[in-house]
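Notes for the structure review
Each chain, written out:
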Amino acid sequence: MYDSDKRRILSLLAHGAIFASTLFVSIGIPIVILFVSDDPVVKDNAQESINFHLNVWFYGAIIGGLAWLTFGLLGIILGPIGFLLHWGLTAFALLKVFGNPDEPFKYPFIFRLL
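This report concerns the structure included in the present document. (Residues numbered from 1 in each chain as written. Predicted model: local features only at pLDDT ≥ 70, side-chain atom pairs only at ≥ 80, totals over all residues. Heavy atoms only, no water.)

Some points on the environment of Gly 28
Here is the rule we go by: Helix numbering and strand numbering both begin at the N terminus, where a helix is a DSSP run of H or I of at least 4 residues and a strand a DSSP run of E of at least 2. Exposure classes here rest on a 1.4 Å probe applied to the protein chains alone. A residue is buried below 20% of its type maximum, exposed above 50%, and partly exposed in between.
Here Gly 28 shows up in helix H2 (residues 28-36). Relative accessible area serves as the criterion here: at 26%, Gly 28 is assigned to the partly exposed category. For Gly 28 and Ala 17, which are 11 residues apart along the polypeptide, the C-alpha to C-alpha distance reads 8.6 Å.

Take a look at the structure:
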């Protein structure tokens, strides 16, 4: 049996690390949690957080490239949408994990490499 409070804290930390996404260190938090924890739910949440980090960076690069190509026009349109999805999905993940720490959260509409 796993400690529910420890599970909740580590899962929240793994998903919440994206809030420091301007630093490449932010992906290190769920990576460390993935290797340190022996809890399968925490490991699933850490893997999902890593996948979400990679997706945010990938789509951010696409939006940035499109903004550069269109002299900022598409950046003005797509930037806020990407920002809202990035922060909104993270907030949703935190609420789900806080409400039910015994079930791993899966982000919708992302590519999973892990």
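There's plenty left to go through after this.
Some points on the packing of H2 against helix H3 (residues 40-69)
Worth spelling out the cut-off: Interaxial angle, 0 to 180 degrees, is taken between N-to-C directions of lines fitted to C-alpha atoms, where a helix line uses only the stretch in contact. Roughly parallel covers angles under 35 degrees, roughly antiparallel covers those over 145, roughly perpendicular covers 65 to 115, and oblique covers all other angles. By definition, turning the near helix anticlockwise from the far helix through less than a right angle yields a left-handed crossing, and turning it clockwise yields a right-handed one. Contact between two residues is taken to exist if any of their heavy atoms lie within 4.5 Å; hydrogens are not considered.
At a minimum axis distance of 8 Å, the contact between H2 and H3 shows a crossing angle of 155°. It follows from the interaxial angle that H2 and H3 lie roughly antiparallel. Our pair here, H2 against H3, has a crossing hand that is left-handed. Contact residues: H2 offers Pro 30, Ile 31, Ile 33 and Leu 34, while H3 offers Val 42, Lys 43, Ala 46, Gln 47, Ser 49, Ile 50 and His 53.

Section: the pattern of salt bridges
The line we're drawing: What makes a salt bridge here is a side-chain nitrogen of Lys or Arg within 4 Å of a carboxyl oxygen of Asp or Glu, nothing more.
One pass over the full model with this rule turns up 5 salt bridges. Between Glu 48 and Lys 106 there is a salt bridge; the shortest N-O distance is 3.8 Å. Of this pair, Glu 48 sits in helix H3 while Lys 106 sits in the segment after helix H4 (73-99), and the two are 58 residues apart along the sequence. Since its relative accessible area comes to 45%, Lys 106 is described here as partly exposed. The salt bridge partner of Glu 48 is Arg 112, with a shortest N-O separation of 2.8 Å. With Glu 48 in helix H3 and Arg 112 in the segment after H4, this pair connects stretches of sequence that are 64 residues apart. Relative accessible area serves as the criterion here: at 39%, Arg 112 is assigned to the partly exposed category. In the salt-bridge network here, residues are joined through shared partners; they are Arg 7, Asp 39 and Asp 102.

Side note on the side chain of His 15
Note the following rule: Definition of a polar contact: a pair of N or O atoms within 3.5 Å, with one able to donate and the other able to accept a hydrogen when the atoms are protein atoms, and with sequence-neighbouring residues admitted only if both atoms are side-chain atoms.
Among the secondary structure elements, His 15 is positioned in helix H1 (residues 4-16). Here Asn 45 takes part through its side chain, which lies 3.0 Å from a polar atom of the side chain of His 15. Apart from the residues within four sequence positions on either side, His 15 is in contact with Asn 45, Glu 48, Ser 49, Thr 90, Ala 93, Leu 94, Val 97, Phe 105 and Tyr 107.

Quick look at the nonpolar core
Stated precisely, the cut-off is as follows: Throughout, nonpolar core names a set of buried Ala, Val, Leu, Ile, Met, Phe, Trp, Tyr and Cys residues whose side chains join them through atoms within 4.5 Å.
Listed in full, the 9 residues of the largest apolar core are Ile 18, Phe 52, Val 56, Leu 89, Ala 93, Val 97, Phe 105, Tyr 107 and Ile 110. Mapped onto this core, the elements with two or more residues apiece are H3 and H4. The element best represented in this core is H4, accounting for 3 residues. Residues within four places of Ile 110 in sequence aside, it is in contact with Glu 48, Asn 51, Phe 52 and Asn 55. Membership of the second largest hydrophobic core comes to 7 residues, among which are Ala 14, Leu 34, Ala 46 and Ile 50.

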